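In case you want the letters, here they are:
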Amino acid sequence: MTCASCAARIEKKLNKVDGVTASVNYATEKAKILAPTALSLDELIGVVEKTGYGAKAPDPAAPEVDRVAPLRRDLLLAAALGLPVIAMAMIPALQLPGWTWTSLILTTPVYFWAARRFHHSAWVNLRHGATTMDTLISLGTSAAYWYSVWALLFTHAGDLHYTHPFEFSIGHSDGAAIYFEAVVGIVAFLLAGRLFEARARTQSSEALRALLTLGASEVTVLRRGKEERLPIDFLKLGEEFVVRPGEKIATDGEVVSGGSAVDESMVTGESLPVDKLPGDHVIGATVNVNGRLVVRATALGEDTELSRMARMVEEAQTRKAPVQALADRISGVFVPIVLGIAALTLVGWLLAGETALFAATAAVAVLIIACPCALGLATPTALLVGTGRGARMGVIISGPDVLERARSVRAIALDKTGTVTTGELRVVGTVPAAGIADAELLRWAGTAESGSEHPLAQAIVAAASEGGLGVLDAFENVPGEGVRTRVDGVDVAVSRPDAVAALPAALAEAVDASQGRGETAVVVVRAGRPVGVIALADTVKPTSREAVAHLKELGLTPVLITGDNERAARAVAADVGIDRVLADVRPDGKVAAIRDLQAEVGQVAMVGDGVNDAAALAASDLGIAMGSGTDAAKEAAGIVVMRPDLMLVVDAVRLSRATLRTIRTNLFWAFAYNVAAIPLAAFGLLTPMIAGAAMAFSSVFVVSNSLLLRRFRPISD
């Protein structure tokens, strides 16, 4: 494909096949097709070939086609030969004897060789009864070239001492005029524009290609107690492999033994290495910084986090935004309309009494300036750059329709556990009875809970471990109450407050105060006597308060949705600055809560990370899943942030809106340019060369404006 009209034509032909729904993207040069199973891939490719184009199944292993080098060579040829031609046409002092014939000699290789891609495309499409933007370019340059040859042979333009002044508008003459400068100028400007486009597409796809090539090529597998160095393809699911310091982790897995810091920046965008211990999840292609790890493979190939990210980025770049629909429809009918306008321009000037030369030149200028390259590039280039920048930050945008929704959401529902908070309990306070030290209280409770696997017990053990634990002589888990144990020969129980009889007034007040703050309180009983209260709470993430403030600045109303009790939820909400709380919401009630919010405020975004959030993420207008969450949550979301950090959610919304703003700016420029420029050309106010330069500049503007998204800086930096 050479232009947006090509993509529109192929898409139209594919969609005429029964049962086929196709979307063809000019920027990525890919078609995404939904077709009945009865249709083979060869049949679909046949439809494309009958339309006048070539197609093949995508092969991720195939080397990237170099589209830049050929364009660069042709541009250098056009520039080297064309600059003297343009200089002689524009500067009368350089119009030495015989300069018109010199211009012919220099222009001919540019017209026949450097511009061959335009002529070939026009001819192929003509054979299939179609027109594209290349049709306009080929017609325009051919008209200028062959008219100039005719003028050299049959008018006094061929005289050795012929001269003419340079003009921006079309001049009136007796037919003795040459437009070789228009030919070389148009070809050079268009080749420069296409080279710029090709470079932009290559650079913008770097994130996707980088993701696909990040993985390790070899792995050290543990088999029968021995280490074997093998190609990554020989690793089996469930096998254990060794990762030494400095090596890439071969695939997604769970740490079996060892401990190390892992650099996950290339996948999550997190700048600091993350500590990994036995039981922790690791992502393939991340780098082991210092220690030796033994990892059990939990995913291979297409099922890994890396492959999923790459797939989401690629799918995002091949899908179309609703805002692109109008541009596609216009591109599809634009060329025939322009040919009609050019014909009317020719006939109109002839009927007005102008010379055939003037009328033809005005028509050629219309053909050239009308090429809607900028229209076809407006959305795809911005989307390519925006999704690529997001992938580098750790923000995966699943499609361009997400950008539209990110602009119009009014409220953002935040799951509490794992989203606003860490989801991990920790000891936040101790209230010992008179005569007992905090360290003693923690030591007794920590030793007693060391026999339990309950998250609450693990939090108490973690807090007590710094001061050391005692000896656990006996252990009993009492459902609904707590634990009963013997520590250092003395009976110790850690119980719910309502399971302890005759709780002293001071400790009862401590329990009430703790629960009032949304904390969980337990009572420690030693030798039948309550000796203290330990308060635990889910920890608010360090960036949550700042993130909520930024969400409000973006015009979003944050709402906390949680299955936790009202007091605990309101305590967390107050801590981070959220005014509205929906507590005691069961998983099946989250969808209803989202529906109620939508009915009240309009479009709603949802941020979550658990299986219980998947339905609500799908029901929301914009689902945002934390990368640390479950696969179900990620599949239901439109955006996945690869770090469990609300600040990255803020950046995801900002990037989505910035990308959409860029698309809208590009489309406005492309529409406004064509609406303003075509009448100027039709009224003879632009020469073909100036028209070619203006048309190429519009494409360059759109692409360069899109590339500005690469400078997007996350607040989280």
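Residues numbered from 1 in each chain as written. Predicted model: local features only at pLDDT ≥ 70, side-chain atom pairs only at ≥ 80, totals over all residues. Heavy atoms only, no water.

Right, let's talk about the overall build of the chain for a bit. What the chain contains, in helices and strands, is 25 helices and 24 strands. When each of the 717 residues of the chain is scored for burial, the buried share is 53%. Pairs at least 24 residues apart make up 68% of the contacts formed inside the chain by residues separated by at least 6 positions. Summing over all exposed atoms, the chain offers an accessible surface of approximately 31,000 Å²; the carbon and sulfur share of this is 58%. (Helix = DSSP H or I, 4+ residues; strand = E, 2+ residues; numbered from the N terminus. Buried < 20%, exposed > 50% of the residue type's maximum accessible area, 1.4 Å probe, protein only. Contact = heavy atoms within 4.5 Å. Areas by Shrake-Rupley, 256 points an atom, 1.4 Å probe, with all protein chains shown as cover.)

Before going further, it helps to spend a moment on the pairing of strand β16 (residues 482-487). Sheet topology note: the strand β15 (residues 472-478)/β16 ladder contains six bridges and is antiparallel. Each bridged residue has a counterpart across the sheet, and for Ala474 the counterpart in β16 is Arg486. Sheet topology places β16 next to strand β17 (residues 490-495); six bridges connect them, and they run antiparallel. Following the sheet pairing, Val483 is matched in β17 by Val494. (Pairing = 2+ DSSP bridges.)

Below, the discussion takes up a nonpolar patch on the surface. Taken together, the side chains of Trp101, Trp150, Leu153, Phe154 and Leu160 define a hydrophobic patch exposed on the protein surface, amounting to about 550 Å² of accessible area. Looking at the nonpolar patch element by element, the count peaks at three residues for helix α6 (residues 133-154). Relative to the elements of secondary structure, Trp150 occurs in helix α6. Classification of Trp150 as partly exposed rests on a relative accessible area of 40%. (Patch = residues over 30% accessible without salt bridge, like charges linked within 9 Å, V, L, I, M, F, W, Y side chains within 5 Å. Salt bridge = Lys/Arg side-chain N within 4 Å of Asp/Glu carboxyl O.)

Those residues carrying the UniProt feature "transmembrane region" (unreviewed entry) are residues 75-93, 99-115, 136-157, 177-196, 330-351, 357-385, 666-683 and 689-709 in this numbering. Each end of residues 99-115 is marked by a C-alpha atom, and these two atoms are 22 Å apart; helix forms 94% of the span and strand 0%. With 94% helix and 0% strand, residues 666-683 has end C-alpha atoms that lie 26 Å from one another. (UniProt positions renumbered as here; feature names shortened; annotations may be inferred.)

Turning to helix α5 (residues 116-127), a few remarks are in order. The end-to-end C-alpha distance of α5 is 17 Å, a good match for the 16 Å that twelve residues give at a rise of 1.5 Å each. Listed in full, the buried residues belonging to α5 are Phe118, His119, Ser121, Ala122, Val124 and Asn125. Where α5 terminates, the next one or two residues include Gly129, which has phi positive at roughly 70°. (Expected span 1.5 Å × (residues − 1).)

This next bit is on the sheet that holds strand β7 (residues 260-263). The three strands are arranged β8-β7-β10 in an open sheet whose pairing can be described as antiparallel. Of all strands in the sheet, those with a lone pairing partner are β8 (274-276) and β10 (287-288), marking the two edges. Taken together, the three bridges between β7 and β8 define a ladder with antiparallel strand orientation. When the bridges of β8 are listed, Ala261 appears paired with Asp275.

Looking now at the pairing of β7. Two strands pair when backbone bridges link them, and β7 and β10 are joined in this way by two bridges, in the antiparallel orientation. By the bridge assignment for β10, Val262 is matched with Asn288.

The next thing to look at is the packing of helix α16 (residues 438-449) against helix α17 (residues 455-464). Packing of α16 against α17 brings their axes to within 8 Å, and their N-to-C directions diverge by 135°. Here α16 lies oblique to α17, going by the angle between them. Taken as a pair, α16 and α17 cross one another with a handedness that is left-handed. Facing Leu442, Arg443, Ala445, Gly446 and Glu449 of α16, the residues of α17 in contact are Leu456, Ala457, Ile460, Val461, Ala463 and Ala464. Residues of the contact of α16 with α17, tallied by class, amount to eight nonpolar, one polar and two charged. (Axes fitted to C-alpha atoms, helices over the stretch in contact; angles between N-to-C directions. Parallel < 35°, antiparallel > 145°, perpendicular 65-115°, else oblique. Left-handed = near helix turned anticlockwise from the far one by under 90°. Nonpolar A, V, L, I, M, F, W, Y, C, P; charged D, E, K, R; others polar.)

So, about the packing of helix α19 (residues 544-553) against helix α20 (residues 566-576). At a minimum axis separation of 8 Å, α19 and α20 run at an interaxial angle of 70°. Our classification of the angle between α19 and α20 gives roughly perpendicular. Along the contact surface, α19 presents Ser544, Arg545 and Val548, while α20 presents Ala574, Asp575 and Val576. Here the residues of the contact of α19 with α20 sort into three nonpolar, one polar and two charged.

It is worth spelling out the sheet that holds β17 at this point. The strand order β14-β19-β18-β17-β16-β15 describes an open sheet built from six strands, whose pairing is antiparallel. The sheet is open, and its two borders are formed by β14 (421-432) and β15, each paired with just one other strand. For this sheet, the mean angle separating the axes of adjacent strands, direction not counted, is 20°. By the bridge criterion, seven bridges tie strand β18 (residues 520-526) to strand β19 (residues 529-540) in an arrangement that is antiparallel. Each residue of the ladder has a partner; that of Val525, found in β19, is Pro530. Packed onto the sheet, α17 meets β14, β18 and β19 and runs at close to 60° relative to β14.

Moving on, we come to the environment of Thr21. Of note, Thr21 is situated in strand β1 (residues 21-25). Spatially, the C-alpha atom of Thr21 lies 9.7 Å from that of Pro36, the residues being 15 residues apart in sequence. In this view, Thr21 contacts Asn15, Lys32, Ile33 and Leu34; residues no more than four positions away in its chain are not counted.

This part takes up the nonpolar core. In terms of nonpolar packing, the biggest core is built from 51 residues, with Leu414, Leu560 and Val641 touching the most fellow members. It is helix α24 (residues 646-682) that contributes the most residues to this core, twelve residues altogether. Taken together, domain 4 (319-378 + 658-716) and domain 5 (395-420 + 542-642) each give at least three residues to this core, which thus spans both. Filtering out sequence-adjacent residues up to four positions away, Leu414 remains in contact with Val420, Val548, Pro558, Val559, Leu560, Ile561, Ile578, Val607 and Leu646. If you look at the next biggest cluster of nonpolar residues, it comprises 42 residues, including Ala115, Tyr162, Ala177 and Ile186. (Core = buried A, V, L, I, M, F, W, Y, C linked by side-chain atoms within 4.5 Å. Domains from an automatic or database assignment.)

What follows is about the packing of aromatic side chains. For any pair of aromatic rings, geometry is given as the distance between the ring centres together with the angle between the planes. Taken as a whole and judged by the stated rule, the model has twelve aromatic pairs. Considering the side-chain rings of Phe112 and Trp146, the 6.3 Å spacing of their centres and the 80° angle between planes classify their relative orientation as edge-to-face. Separated by 34 residues along the polypeptide, Phe112 in helix α4 (residues 99-114) and Trp146 in helix α6 bring together distant segments of the chain. Aromatic side chains Trp669 and Phe701 sit 4.4 Å apart centroid to centroid with 35° between the ring planes, which places their arrangement in the tilted category. Pair noted here: Trp669 is in helix α24 and Phe701 is in helix α25 (residues 688-707), with a separation of 32 residues, a long-range link. Given a relative accessible area of 28%, Trp669 falls into the partly exposed group. Here the aromatic cluster, defined as three or more aromatic residues joined through ring pairs, consists of Tyr111, Phe112, Tyr145, Trp146 and Phe180. Sitting over the ring of Trp113, Arg116 keeps its end group 3.8 Å from the ring centre. (Phe/Tyr/Trp six-rings, centres within 6.5 Å; stacked < 30°, edge-to-face > 60°. Lys NZ or Arg CZ within 6 Å of the ring centre and 35° of its normal.)

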